[in-house]
Amino acid sequence: MSENTEMAASAEAAATFLQKVQAKAESDRAAGRYEYDKIEDIGLDEGIKKLTPERIETVINQVLQGECGARLRAYVETCVHCGLCSEACHHYLSNDKNPKYSPVGKVKRTIWMMLQKKGRLTPAEVRECSVIASTECNLCRRCLQYCPFGIDIAYMLQTVRRICSKLGVTPQYIQDTTHSHAATMNQMWVKEDEWVDTLQWQEDEARDEFPTIRIPVAKEGADFMYSVIAPEPKFRTHLIYQAAAIFHTAGCDWTMPEEPGWDNSDMAMFTGDFETMGRVKKVHYEAAQRLRVKKIVMGECGHAFRSVYDVGNRWLGWKMPPIPMVHSIEFFYELIRDGKIKCREKFPEKVTFHDPCNTVRGRGLHEMGRYVANAFTLGVVEMSPNREHNLCCNAGGGVINCGPPWKTKRVLSNKAKAEQLARMKDMGIDTIVSPCHNCHGGLEDIIHHYGLEMKLKFLGDLIFEFMVRPDSE
Amino acid sequence: MQSLYNFVSGPLVWVAFIVFIGGSVWRLASLLSLAKKKDTYVFEYWSWSHVFSSIGHWLTPFGSTNWRMQPVMSVVTFVFHIGLILVPIFTMGHIVLLEEGALGWSWPTLPDQVADIAAFIVLGGCAYFAWRRFALPQVKFVTSPSDFGILAVVAAPFLTGIMAYHHIGDPLLVTTLHVLAGELMLVCIPFTRLAHMLYFVFTRGYTASEFGAVRHVKDW
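Each chain has its residues counted from 1, running along the sequence as written. Chain labels run from A onward and ligand labels from 1 onward, assigned in the order the entries are written. At least 70 in pLDDT is required for a residue's local features to be given in this predicted model, at least 80 for side-chain atom pairs to be given and counted, and no such filter applies to totals for whole chains, interfaces and linings, which use all residues. Side-chain numbers here rest on the full set of heavy atoms in the structure, without hydrogens or water.

Peer 1: So what exactly am I meant to see when it comes to the interface of chain A and chain B here?
Peer 2: It is common to give the size of an interface as the accessible area that goes away when the parts come together. We call two residues in contact when some of their heavy atoms are within 4.5 Å. Every contact between the two is made by 53 residues of chain A and, on the other side, 44 residues of chain B. Put simply, buried area is how much 1.4 Å-probe accessible surface two parts lose in total, over both of them, once they are put together. Buried area between chain A and chain B, summed over both chains or domains, comes out near 4200 Å², and the portion from carbon and sulfur atoms is 57%. The largest share of the area that chain A buries against chain B comes from His81, Leu84 and Arg314 of chain A, three residues that together contribute 14% of it. Each reported salt bridge corresponds to a side-chain nitrogen of Lys or Arg within 4 Å of a carboxyl oxygen of Asp or Glu. The interface formed by chain A and chain B contains 4 salt bridges. For Glu210 of chain B, the salt bridge goes to Arg314 of chain A, with nearest N and O atoms at 2.7 Å.

Peer 1: Looking at this structure, I do not really get the environment of Lys340 of chain A. What am I missing?
Peer 2: Residues and elements named next belong to chain A. Working definition: helices are DSSP H or I runs of at least four residues, strands are E runs of at least two. Numbering for both runs from the N terminus. Position of Lys340 among the secondary structure elements: in the loop between helix H17 (328–337) and strand S5 (351–353). Considered as a pair, Lys340 and Ile429 are 89 residues apart in the sequence and their alpha carbons are 29 Å apart. Excluding residues within four positions of it along the chain, Lys340 makes contact with Thr249, Ala250 and Leu335.

Peer 1: Can you walk me through the sheet that holds strand S2 (residues 254–255) of chain A in this structure?
Peer 2: In a beta sheet, neighbouring strands are held together by backbone hydrogen bonds and run either parallel or antiparallel to one another. Residues and elements named next belong to chain A. Any two strands are treated as partners once DSSP identifies two or more bridges connecting them. The sheet built from 4 strands is open, its strands ordered S2-S1-S3-S4 with parallel pairing. The open sheet is flanked by S2 and strand S4 (325–327), the only strands paired with a single partner. For strand S1 (residues 224–227) and strand S3 (residues 295–298), the ladder comprises 4 bridges, and the chain directions are parallel. The residue bridging Met225 from the neighbouring strand is Ile296, located in S3. A fitted line through C-alpha atoms represents every axis, and for helices the fit uses only the stretch in contact; the resulting angles, taken between N-to-C directions, go from 0 to 180 degrees. Running at roughly 145° to S1, helix H15 (residues 274–290) makes contact with S1 and S3 of the sheet.

Peer 1: What is the right way to look at the domain arrangement of chain A in this model?
Peer 2: Residue and element names in this part refer to chain A. The domain limits used here are those given by an automatic or database domain assignment. As far as domains go, chain A holds domain 1 (42–170), domain 2 (182–338) and domain 3 (346–466). Distance between the C-alpha centres of domain 2 and domain 3: 23 Å. With 27 residues of domain 2 in contact, the opposing surface of domain 3 contributes 27 residues. At the junction of domain 2 with domain 3, the criterion picks out 0 salt bridges. Residues adjacent in sequence count toward polar contacts only when both atoms are side-chain atoms; beyond that, a polar contact is any pair of N or O atoms within 3.5 Å, and within protein one must be able to donate a hydrogen and the other to accept it. At the junction of domain 2 and domain 3, the tally comes to 7 residue pairs in polar contact (both at pLDDT 80 or more). Elements with a minimum of two residues in the side of domain 2 that touches domain 3: helix H13 (237–250), helix H14 (267–271), helix H16 (303–315) and H17. Ranked by the residues each element gives to the side of domain 2 that touches domain 3, the list is headed by H17, at 6 residues.

Peer 1: Even after reading the chapter, I still don't get the pattern of salt bridges, so can you show me in this structure?
Peer 2: Side chains bearing opposite charge may pair, as long as their charged atoms lie close to each other. All names here are of chain A. The tally for this structure, following the rule as stated, stands at 47 salt bridges over all chains. Measuring nitrogen to oxygen at the nearest pair gives 3.1 Å for the salt bridge that ties Glu220 to Arg292. Within this pair, whereas Glu220 is found in the loop between helix H11 (192–207) and S1, its partner Arg292 is found in the loop between H15 and S3, the two being separated by 72 residues in sequence. Exposure categories follow from relative accessible area, calculated using a 1.4 Å probe and restricted to protein chains: below 20% of the type maximum is buried, above 50% is exposed, and the middle band is partly exposed. Judged by relative accessible area, Arg292 falls into the exposed class, the value being 53%.

Peer 1: Sorry, what's going on with the side chain of Arg193 of chain B here?
Peer 2: Relative to the assigned elements, Arg193 of chain B resides in the loop between helix H11 (171–191) and helix H12 (196–214). Looking at Arg193 of chain B, the relative accessible area reads 16%, which means it is buried. Within the structure, the side chain of Arg193 of chain B is placed 2.7 Å from the side chain of Asp147 of chain B, a separation counted as a polar contact. When sequence neighbours within four positions are dropped, the list of residues in contact with Arg193 of chain B reads Val76, Glu77, Cys79, Val80 and His81 of chain A together with Ser144, Ser146, Asp147 and Ile150 of chain B.

Peer 1: I tried to follow the nonpolar core on my own but got confused; where do I start?
Peer 2: Grouped burial of nonpolar side chains is what soluble globular proteins tend to show. Residue and element names in this part refer to chain A. Core analysis: the largest hydrophobic core is formed by 146 residues, its most contacted members being Met156, Leu421, Tyr450 and Leu452. Leave out the neighbours within four places in its chain, and Leu421 touches Met383, Ile432, Leu443, Ile446, Ile447, Leu452 and Met454. Judged by nonpolar contacts, the second largest core, of 48 residues, contains Ala245, Ile341, Phe347 and Phe464. Buried Ala, Val, Leu, Ile, Met, Phe, Trp, Tyr and Cys residues that are joined via side-chain atoms within 4.5 Å together make up what is termed a nonpolar core.

Peer 1: Mind showing me how you'd approach the packing of aromatic side chains here?
Peer 2: Two rings belonging to Phe, Tyr or Trp (six-membered ring only in the last case) form a pair when the distance between their centres is within 6.5 Å. Interplanar angles under 30 degrees mark stacking, angles over 60 mark edge-to-face geometry, and anything in between is tilted. This structure, assessed with the given rule, holds 26 aromatic pairs over all chains. Centroid distance Tyr34 of chain A to Tyr36 of chain A: 6.5 Å. Interplanar angle 45°. Geometry classified as tilted. According to the relative accessible area criterion, Tyr36 of chain A is buried, its value standing at 7%. Here the aromatic cluster, defined as three or more aromatic residues joined through ring pairs, consists of Phe224, Tyr226, Phe247, Trp254 and Phe331 of chain A. Our definition puts a charge over a ring when NZ of Lys or CZ of Arg is within 6 Å of the ring centre and also within 35 degrees of the ring normal. Arg314 of chain A extends its terminal NZ or CZ atom over the ring of Tyr45 of chain B, reaching a point 4.0 Å from the ring centre.

What follows is the structure, given as structure tokens:
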């Protein structure tokens, strides 16, 4: 009896992870970390020094009146300011439901102001617009699913980014990656010989484990071209290794390009530098066409999928991508469904699944992702909300790419996600599966900040580790 | 007073309907022609099956995730809009006027009591929406005087209609104000945010087309 009482008392004393997150948020608040007004960013601070009133007015009106048309007009004139979009946004939910972070609140602070003032903004107001559009919205499009009128707020905030890009007022880190795209056709300034060297190095490494493995470079007429984001050769080469091992095991006929076009990532899309985006996407499609492959298979990245499947093609005048393409979620799903990849032994835990906005709201791949995760683990335990209604990781839409100055704001502005994860942790789930690099980046920071002690896995991580490997020694 | 009444319930009705219908057609036509000129992709991606499916969900009470998350707002929104549409069209007094007036048409009416209750519901809806604008920070933040203006424009014909029906105030004055208020609302529809009545199909429809046909995912 006394032992039971003692146990109950100690169980009460032990804080749940949800309580830990809330306590951390309290201390963040007390330390003033939720005040973001003084964040410095050289790209913004130096950028606005070069502005003149005429330039601001000309550029804003050029975009709002010249480039935008019926959609912007319909959205602005239809919005009845009902605030129903608010609950959709993790920035709003995480910042104590401060209305300035609600989707419509962000539109009010940017496009409405631009329209009301007919483009006559001060440089400080332009800076504020850039901050809002680049660091307070992930363009995750969840609010579209919560607005009765389906008003595309992401489109409007992307338009603000475009205006800021044309004015030369974009956060420095993401602008830097856009420059890299423009100069090298990849996000990380990886040079052509470095790229091929990296592939050969990974092939060499993999031969210890898979003696006959190849990473076929520039093989014409293969079934598919595999494209990755530039951070893979730069920082996460093991992911290329893993993908090669999976394709090898499944007996795929595949290739990677030798020349620029191998990188499918696209920060220019997110800064609003659509001219650079168009060049980058054109090179990517052309690489696949030159190799005469049947399709493009993309690595586990969300934003790149959006860029290749949904955005870049339109800028270039293609209704759909000029060459068929699939995300690796779909590709893995097919490999497992067709029995080309088999599970040797399941990952010995139940996991939860974080849906990347760009693969669920961008392609409806939530069930395929779960199919793969279920096949290689003891099962998926659902977060809530989930699937196409999942809360964003707060890294996507280029927000994590705005770099260190904005990290604290980014992490604190996703307390909502931390609470969601903490509830899973309290249920005994220690592992999150998420098929997107950006989601990993964002979730890792949140896990670390709030002390959640959870592990993150790509689908490829699970498949690589737990598949049947006939060729392996 | 009688001559003013005769004017607002005679020629001015025609003017109001011409402005309402003509204005709506013009607003829609100009929106579509602008889309054709600058947003051709709207037509390229438009998918009627997804439009119907999505709008069907959004026009069904609790048919979308957000409607389920906001039960009070959902119920008020639905009964408000139903009343807003039914009362003017199916009230005995209006149909009698139309039948006796130039049109000579008529159709079934709502029982007076039902119409009366519906009118009160619409007024109650206006009051609720106004309360939200004061009380909920996320609504207050994006509220401007024009939002109250629109609510007033919507509330006025129902308030005066109720007054006329319940014989509150001078009958001729109240009836004249009622007709004027109704005309004002009609005229405002194409030229204010009340145009969401017209544009809703296009904004939700385009999002539905993109979500459904391109991205293969639900938008409700």
